[in-house]
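Examining the three-dimensional arrangement
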Number of protein chains: 2
Amino acid sequence: MISSIKRLLIGRPLKSNEIGEQKLNKTKALAILSSDALSSVAYGPEQILIVLVTVGAAAIWYSIPIAVGVLILLSALILSYRQIIYAYPHGGGAYIVSKSNLGVNPGLIAGGSLLVDYILTVAVSVSAGTDAITSAFPTLHGFNVEIAIGFVILLTLLNLRGVTESASILAYPVYLFVLALFLLIGVGIYNVTIGGVPTEAHTPIGTPVAGISLFILLRAFASGSSALTGVEAISNAIPNFKNPAPKNAAKTLMFMGILLAILFSGIVFLAYSYGITPSGEVTVVSQIAEEIFGRNFMYFFIQGTTALILILAANTGYSAFPLLAVNLAKDKFIPRMFLIRGDRLGYSNGIIILGIASIILIVAFHAKTEHLIPLYAVGVFLPFTLSQSGMMVKWLREKPEGWIPKFIINTMGAVICLLVTLMFFLTKFSQVWSILIFLPIIVLLFHRIRKHYEAVGEQLRLTTCEPTLPIEGNVMILPVAGITHVVENSLNYAKSLSPDQIIAVYVSFDREDEKRFEEKWKKWQPDIRLVTLHSPYRSIINPLSKFVNTVEHKAREGNYQVTVVIPQFIPKKGWQNILHNQSSLLIRAFLLYRRDVVVTTVPYHLKK
Amino acid sequence: MISSIKRLLIGRPLKSNEIGEQKLNKTKALAILSSDALSSVAYGPEQILIVLVTVGAAAIWYSIPIAVGVLILLSALILSYRQIIYAYPHGGGAYIVSKSNLGVNPGLIAGGSLLVDYILTVAVSVSAGTDAITSAFPTLHGFNVEIAIGFVILLTLLNLRGVTESASILAYPVYLFVLALFLLIGVGIYNVTIGGVPTEAHTPIGTPVAGISLFILLRAFASGSSALTGVEAISNAIPNFKNPAPKNAAKTLMFMGILLAILFSGIVFLAYSYGITPSGEVTVVSQIAEEIFGRNFMYFFIQGTTALILILAANTGYSAFPLLAVNLAKDKFIPRMFLIRGDRLGYSNGIIILGIASIILIVAFHAKTEHLIPLYAVGVFLPFTLSQSGMMVKWLREKPEGWIPKFIINTMGAVICLLVTLMFFLTKFSQVWSILIFLPIIVLLFHRIRKHYEAVGEQLRLTTCEPTLPIEGNVMILPVAGITHVVENSLNYAKSLSPDQIIAVYVSFDREDEKRFEEKWKKWQPDIRLVTLHSPYRSIINPLSKFVNTVEHKAREGNYQVTVVIPQFIPKKGWQNILHNQSSLLIRAFLLYRRDVVVTTVPYHLKK
């Protein structure tokens, strides 16, 4: 039954050789990998204005030069990542690039930072999208957490179905959003050029503003550059592209950069031209849409697609997290289970863990995740900086033909990203300090996991260890709880293996019962030695474990192997198990982990 | 470490023969078994007034005759239960009495009803007590659920420590509450007799009231009789008393009845004399206390002890639920685990399940459980009716000397309880209908569980079944994942038992890997047959299980037993298990439950 529910939710299992069909073409790739970056134009320009307006409405004109700064940063990032794509055609996230050029620890800092960041991406964007929806339908307002969790589950299922299927479904909202904003910007600019907007609406560029400071401008720039989170997604996901993967990925990246630049600068320009100031209740995009179209169909179209793309931005996390986890798991820094492909060939453990982690965040923050945004931005720019620096080192070290312009591009990228990171620490320290605590902890954890895997590998390898001792004989211990078919069955089994000795063990809670059982046993199996253990504290495991230990110590001297044979009856239906004390399970787990004995379970299947 | 935390929380384990020290004397028994009944005077009188005041303040005088009715009901119940105690000295809850006189199904209805009721008791009274506390400290108001859960956990731990210890701690608040109400009633009545209360405060008894109807009076009576929930607790808990248990229990019951009668009638009388009408914000007891003492120390003493006893009322559930569960489990109607005594000799599974179930209720209802009260009252009066009827049948059937007065007492009890039950259905159907759904379901479940246990017993008994077939030989299947010490170890073990055949099985996900492994194996273990299974869907269990099935079918023809020997390495520390895919656990569970094969786990303990 479980497997048929699974099929219904995520579809039939795919064979390993069907993997080619799960690759993305450029149109679909753009849709599922750029939703995070594109969605940020819905809040990026607003972040700039919010900082500027603290000085006064006259300071709004600074948004234009700041936007130019963000565009330069964007160009540097896109060009840098384009170079990374070609240099690391098997998927070069910040982790791979930093690790191979700067060393393991910078790589782990980048990887750990991004791993946490993708979880934040999902939690933050789903919460933001849910907020947009419940603002439109106030009756739903009490159910923010539930709705957000519902969306996370939906995204998780879509991604478990596989990348192409989720791409087909998710492409529409992304392109509709782009279309909606293009219409908005087009009509808006037309209005401005024909003089439909009064020039008094905004102060001209260059007007001196009292109270403006470098600190404010830096803060506004840092806030605006949070719109650039998500541009690294494509370079992580090269393995998901159709062949030739690097070329397709590079083209997709360039196209995404152009789209992002147009949308971002368009929104900033319109906000400036229409003299819009940010307000607590209505977003800047919504104000622009209302100025241009009024509250008609177009307005709701823009609002609706914006809400959708905010939720879909989470999908970038779903594309990037499992692939990054695979890279970390290949290097043994995180558990091996992230390497396993699920029924639909996606790395399902990564997808599921991401879903669970972001649901935990949503519940913990009651779906109010706005103040996680600066943390999230730092978590992106730190790996950006590291990967660009890694590329600098690479060019310097390898010096391939024509390396100098490439070096310059990456250096520019590195410097700008470093500056942005520092600006965040400088201007928003109270919101981002926690990264200084948890990143070292994560990196330490990575190292401990790696150390463990290496120790295990070392101990399992045949060549490096002393050969295991030969087994000279076998002793079998049979815990019995009564004289039944289950016990008979196990006893027959033990006898069939002709061990050197079989000992039946009975744990009793009172003396009378003990005597009675000993007599019954003598009649039933006079040849099998019975040991009774009195348990004054009513525990079965403790006396049994002590007894096993004693036998084991004696057996070890003669290189005898001790086996505990556990009789277990299996009810016909699974639910019936709760009606029986699962002492055999407990005994098995305890002995296996605490004592050096083999544990054999002999099932007795009930027919009714 | 876990065991030392356990010791800290519930104390050192007790030996089975220390059970006598865990018995209750009368003073302690009264405290822990009557807190539910006594606490209900804090809300019972108010329930009557709430109904009457819907007609008008003039109708308040009817509370006096209604209280007389409740007192008659109380006397009938106490006398009836006294008879039950002597007739069923081993603890006669409604379940035992109904079952042995009316038949299994009436017994199960009574038992199931009480089982659910004790859970409701805990949830309702802890919520009410928490409400009283957070009303006094409004800053805590947002944390009602958390505080209530905290109290449930505290009560669970206290009860896991054992009955005498919890009794010692819980006795003080109960007796303080009784003292506080005695002072209140004494001073109040003194004031009334010296004429300190204006007679205009209340309409005289007998004043005709427009709009009063039999329906209203019945409703008020039913509401008031909810104050009698909890009187059955003592008769359930006879095994917890010191010897002579029935005599001590009967005395405790009588004393509780007298206390309850005094407190209940005192509060009703004062409320009438002071002309108090119920208000949404302040409880009736609180109003009386304020009238008599003003807002001084005495007032807060009364309020404080009332809040405490409301929480402690939950303890009645903790005393009664595990004992009822033991009786049901002895008759195999609920899982056997309820029969197990914990470290401190209490029936810990019952205590823990009760705690968990009431926490679930508290969370589900956000600690607002008031509207569960009528349901809870019906759940008490239904078993009351059944047990009194059972006693009627018993006297009629056995006719011992002097049975006629006993028969009359139980008949009165039965009739009144039946009437109260019917009144609840008549006047509060919308709140109690659900009992008509869940009781039949519970009774059905009881029967299914019993049927399962009987079927199992039948199948395990040696005398009734055909003897199991002898085992002619052994085939061992060894799933291998690589060439390591773990595999070597398991192989040595299998060889030491000299089975007729050993088959190593390797599941591969791609053809090249398969070939490579076959070659390596041939070099390493040329004598052991290796079977490779190709798994296009990357599942290990499916192909392995199919293979095991084939081998098993062939083996069964010759009465051969198939054993699957699973190599498993055990990391040094428990947490390290999450770093390894637990495929061996899955394989084991799957094969054991789905196939008729023995599963042997050969551990390889890592040293680092």
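The following paragraphs examine the structure supplied in this document. (Residues numbered from 1 in each chain as written. Chains lettered and ligands numbered in written order. Predicted model: local features only at pLDDT ≥ 70, side-chain atom pairs only at ≥ 80, totals over all residues. Heavy atoms only, no water.)

Some thoughts on the overall build of chain A
Within chain A one finds 23 helices and five strands. Each of the three principal axes of chain A carries a C-alpha extent, and together these read 110 × 60 × 50 Å. Taken over 608 residues, chain A has a buried fraction of 54%. In chain A, the share of contacts with a sequence separation of at least 24, taken over all contacts with a separation of at least 6, comes to 81%. With the model as given, the accessible surface of chain A reaches about 26100 Å², and the carbon-plus-sulfur share is 64%. Once the 49 positive and 34 negative side-chain charges of chain A are each reduced to a mean point, those two points are 5 Å apart. (Helix = DSSP H or I, 4+ residues; strand = E, 2+ residues; numbered from the N terminus. Buried < 20%, exposed > 50% of the residue type's maximum accessible area, 1.4 Å probe, protein only. Contact = heavy atoms within 4.5 Å. Areas by Shrake-Rupley, 256 points an atom, 1.4 Å probe, with all protein chains shown as cover. Lys, Arg positive; Asp, Glu negative; His and termini not counted. Charge placed at Lys NZ, Arg CZ, Asp CG, Glu CD.)

What about unusual backbone geometry?
Cis rather than trans, the peptide bond between Asn-243 of chain A and Pro-244 of chain A has omega equal to -5°. Along the polypeptide, Pro-244 of chain A turns up in the loop between α10 (233-236) and α11 (245-273). One non-glycine residue, Arg-538 of chain B, lies in positive phi territory at about 60°. Within the secondary structure, Arg-538 of chain B is located in the loop between β3 (529-534) and α21 (541-557). For Arg-538 of chain B, a relative accessible area of 12% corresponds to the buried category.

A word on helix α23 (residues 583-594) of chain A
An ideal rise of 1.5 Å per residue puts 16 Å on 12 residues; α23 of chain A measures up with 16 Å between its terminal C-alpha atoms. Contacts from the buried residues of α23 of chain A go to α22 (541-557), β4 (560-570) and β5 (598-605) of chain A together with β4 (560-570), α22 (583-594) and β5 (598-605) of chain B. (Expected span 1.5 Å × (residues − 1).)

A word on the nonpolar core
Leu-73, Leu-181, Leu-184, Ile-288, Ile-302 and Leu-328 of chain B are the most contacted members of the largest nonpolar core, which totals 152 residues. In terms of residue count, the dominant contributor to this core is helix α13 (residues 297-330) of chain B (18 residues). Those residues in contact with Leu-184 of chain B that lie beyond four places of it in its chain are Ile-267, Leu-270, Val-285, Ile-288, Ala-289, Ile-292, Phe-293 and Ile-302 of chain B. Residues Ala-67, Leu-228, Ile-311 and Ala-377 of chain A belong to the second largest nonpolar core, which totals 149 residues. (Core = buried A, V, L, I, M, F, W, Y, C linked by side-chain atoms within 4.5 Å.)

Here's the deal with the side chain of Ser-39 of chain A
For Ser-39 of chain A, the location among the structural elements is in helix α2 (residues 26-39). Beyond its immediate stretch of four places on either side in the chain, Ser-39 of chain A contacts Ile-309, Leu-310 and Ala-313 of chain A.

With respect to the relation of the copies chain B and chain A
Expressed as a screw transformation, the operator carrying chain B onto chain A has a rotation angle of 180° and an axial translation of 0.1 Å, and the superposed copies differ by an RMSD of 0.2 Å. The superposition of one copy onto the other is thereby described by a two-fold rotation axis. By C-alpha distance to the rotation axis, the residue of chain B lying nearest is Thr-600 of chain B, at 2.0 Å. In this assembly, 100% of the residues forming the interface of chain B have copies in chain A that are likewise at the interface, indicating an isologous arrangement. (Least-squares fit on C-alpha atoms with pLDDT ≥ 70 in both.)

Some details on helix α3 (residues 44-52) of chain A
Along α3 of chain A, seven of the nine residues are buried, which leaves the element largely enclosed by surrounding structure. Taken residue by residue, α3 of chain A has Gly-44, Pro-45, Glu-46, Ile-48, Leu-49, Val-51 and Leu-52 of chain A as its buried positions.

Describing the environment of Lys-99 of chain A
Residue and element names in this part refer to chain A. Among the secondary structure elements, Lys-99 is positioned in helix α5 (residues 94-102). Sequence-wise, Lys-99 and Ser-387 are 288 residues apart; in three dimensions their C-alpha atoms are separated by 8.8 Å. Discounting chain neighbours no more than four positions away, the residues touching Lys-99 are Val-104, Gly-107 and Asp-331.

Observations concerning the pattern of salt bridges
Residue and element names in this part refer to chain B. For the structure on display, the rule yields 14 salt bridges over all chains. We note a salt bridge from Asp-331 to Lys-99, for which the minimum N-O separation is 2.5 Å. Remark: Lys-99 occurs in helix α5 (residues 94-102) and Asp-331 occurs in the loop between α13 and α14 (348-364); sequence separation between them is 232 residues. By relative accessible area, Lys-99 is classed as partly exposed at 25%. Among the ionic pairs, Glu-454 bridges to Arg-450, the shortest N-O distance being 3.0 Å. Of this pair, Glu-454 and Arg-450 both sit in helix α18 (residues 434-460), four residues apart, roughly one helical turn. A relative accessible area of 40% means that Glu-454 is categorised as partly exposed. (Salt bridge = Lys/Arg side-chain N within 4 Å of Asp/Glu carboxyl O.)

A few points about the packing of aromatic side chains
Applying the stated criterion across every chain, the model contains 23 aromatic pairs over all chains. Between Phe-381 of chain B and Phe-384 of chain B, the ring centres sit 5.2 Å apart and the planes meet at 75°, which makes this aromatic pair edge-to-face. Separated by three residues within a single helix, Phe-381 of chain B and Phe-384 of chain B lie in helix α15 (residues 373-398), roughly one turn from each other. These aromatic residues form a ring-pair network of at least three members: Tyr-81, Phe-381, Phe-384 and Phe-424 of chain A. (Phe/Tyr/Trp six-rings, centres within 6.5 Å; stacked < 30°, edge-to-face > 60°.)

Remarks on the interface of chain B and chain A
Listed per partner, the contact involves 77 residues of chain B and 77 residues of chain A. Buried area between chain B and chain A, summed over both chains or domains, comes out near 6600 Å², and the portion from carbon and sulfur atoms is 58%. Applying the counting criterion to the chain B and chain A interface returns zero salt bridges. The interface formed by chain B and chain A holds 24 residue pairs in polar contact (both at pLDDT 80 or more) in total. Mapped onto the side of chain B that touches chain A, the elements with two or more residues apiece are α18, β1 (473-479), α19 (485-496), β4, α22 and β5 of chain B. Considering only residue class, the side of chain B that touches chain A consists of 40 nonpolar, 21 polar and 16 charged. Direction of pairing for β5 of chain A relative to β5 of chain B: antiparallel, over a ladder of three bridges. (Buried area = accessible area lost by both parts, 1.4 Å probe. Polar contact = N/O pair within 3.5 Å; in protein donor to acceptor, adjacent residues only side chain to side chain. Nonpolar A, V, L, I, M, F, W, Y, C, P; charged D, E, K, R; others polar. Pairing = 2+ DSSP bridges.)

A short note on a positive patch on the surface
A grouping of Arg-448 and Lys-451 of chain A together with Lys-572 and Lys-573 of chain B is seen on the molecular surface, where their side chains present a positively charged patch. For Lys-572 of chain B, the position within the fold is in the loop between β4 and α22. (Patch = residues over 30% accessible without salt bridge, like charges linked within 9 Å, V, L, I, M, F, W, Y side chains within 5 Å.)

Some remarks on the packing of helix α4 (residues 63-87) of chain B against helix α9 (residues 214-225) of chain B
Helix-helix packing: each pair is described by the crossing angle between the helix axes and the interaxial distance. All names here are of chain B. Close contact between α4 and α9 brings their axes to 10 Å; oriented N to C, the two are set at 50°. Judged by the inter-axis angle, α4 sits oblique to α9. Relative to α9, the crossing made by α4 is right-handed. Seen from α4, the contacting residues are Ile-66, Gly-69, Val-70 and Leu-73; seen from α9, they are Leu-217, Ala-220, Phe-221, Gly-224 and Ser-225. Split by residue class, the contact of α4 with α9 holds six nonpolar, three polar and no charged. (Axes fitted to C-alpha atoms, helices over the stretch in contact; angles between N-to-C directions. Parallel < 35°, antiparallel > 145°, perpendicular 65-115°, else oblique. Left-handed = near helix turned anticlockwise from the far one by under 90°.)

Quick look at the sheet that holds strand β2 (residues 501-508) of chain B
Spatially, β3(A)-β2(A)-β1(A)-β4(A)-β5(A)-β5(B)-β4(B)-β1(B)-β2(B)-β3(B) is the arrangement adopted by the 10 strands of the open sheet, whose pairing is mixed. Bordering the open sheet on either side are β3 (529-534) of chain A together with β3 of chain B, each of which pairs with just one other strand. Going across the sheet, the axis of each strand differs from the next one's by a mean of 25°, ignoring polarity. Sheet analysis places β1 of chain B next to β4 of chain B, joined by five bridges and oriented parallel. Counterpart to Val-475 of chain B in the pairing with β4 of chain B is Val-562 of chain B. Contacting β1 (473-479), β2 (501-508), β3 and β4 of chain A, α22 of chain A crosses the sheet at an angle of about 150° to β4 of chain A. Each of β1, β2, β3 and β4 of chain B is contacted by α21 of chain B, which is oriented at about 150° to β4 of chain B, the strand it contacts most.

As for the pairing of β4 of chain A
Residues and elements named next belong to chain A. Most of β4 is tucked away, with 10 of its 11 residues classed as buried. Here β4 runs beside β5; their pairing, made up of eight bridges, is parallel. Of the residues in β5, the one forming a bridge with Phe-569 is Tyr-604. Crossover connection from β4 via α23 to parallel β5: handedness right-handed. (Right-handed = clockwise from strand over helix to strand, strands pointing away.)

Structural notes on a nonpolar patch on the surface
All names here are of chain A. On the surface, Val-68, Ile-72, Ile-404, Ile-408 and Met-412 cluster together to form a nonpolar patch covering roughly 430 Å² of accessible area. Elements represented by at least two residues in the nonpolar patch include exactly α4 (63-87) and α17 (403-427). Counting residues per element, the nonpolar patch draws most heavily on α17, which supplies three residues.

Description of the packing of helix α2 (residues 26-39) of chain B against helix α8 (residues 163-193) of chain B
All names here are of chain B. At their nearest, the axes of α2 and α8 sit 8 Å apart, and the two run at 60° to each other. Relative to α8, the element α2 is oriented oblique. In the crossing of α2 with α8, the sense of the turn from one axis to the other is left-handed. Here α2 contributes Thr-27, Lys-28, Leu-30, Ala-31, Ile-32, Ser-35 and Leu-38 to the contact with α8, which in turn contributes Val-163, Thr-164, Ser-166, Ala-167, Ser-168, Leu-170, Ala-171, Val-174, Tyr-175, Phe-177 and Val-178. When grouped by side-chain class, the residues that make up the contact of α2 with α8 number 12 nonpolar, five polar and one charged.

Here we look at the environment of Leu-263 of chain A
Residues and elements named next belong to chain A. Turning to its location among the elements, Leu-263 is positioned in helix α11. For the pair Leu-263 and Ile-96, spaced 167 residues apart in sequence, the C-alpha separation works out to 31 Å. Residues within four places of Leu-263 in sequence aside, it is in contact with Leu-38, Val-41, Leu-181, Phe-182 and Ile-185.

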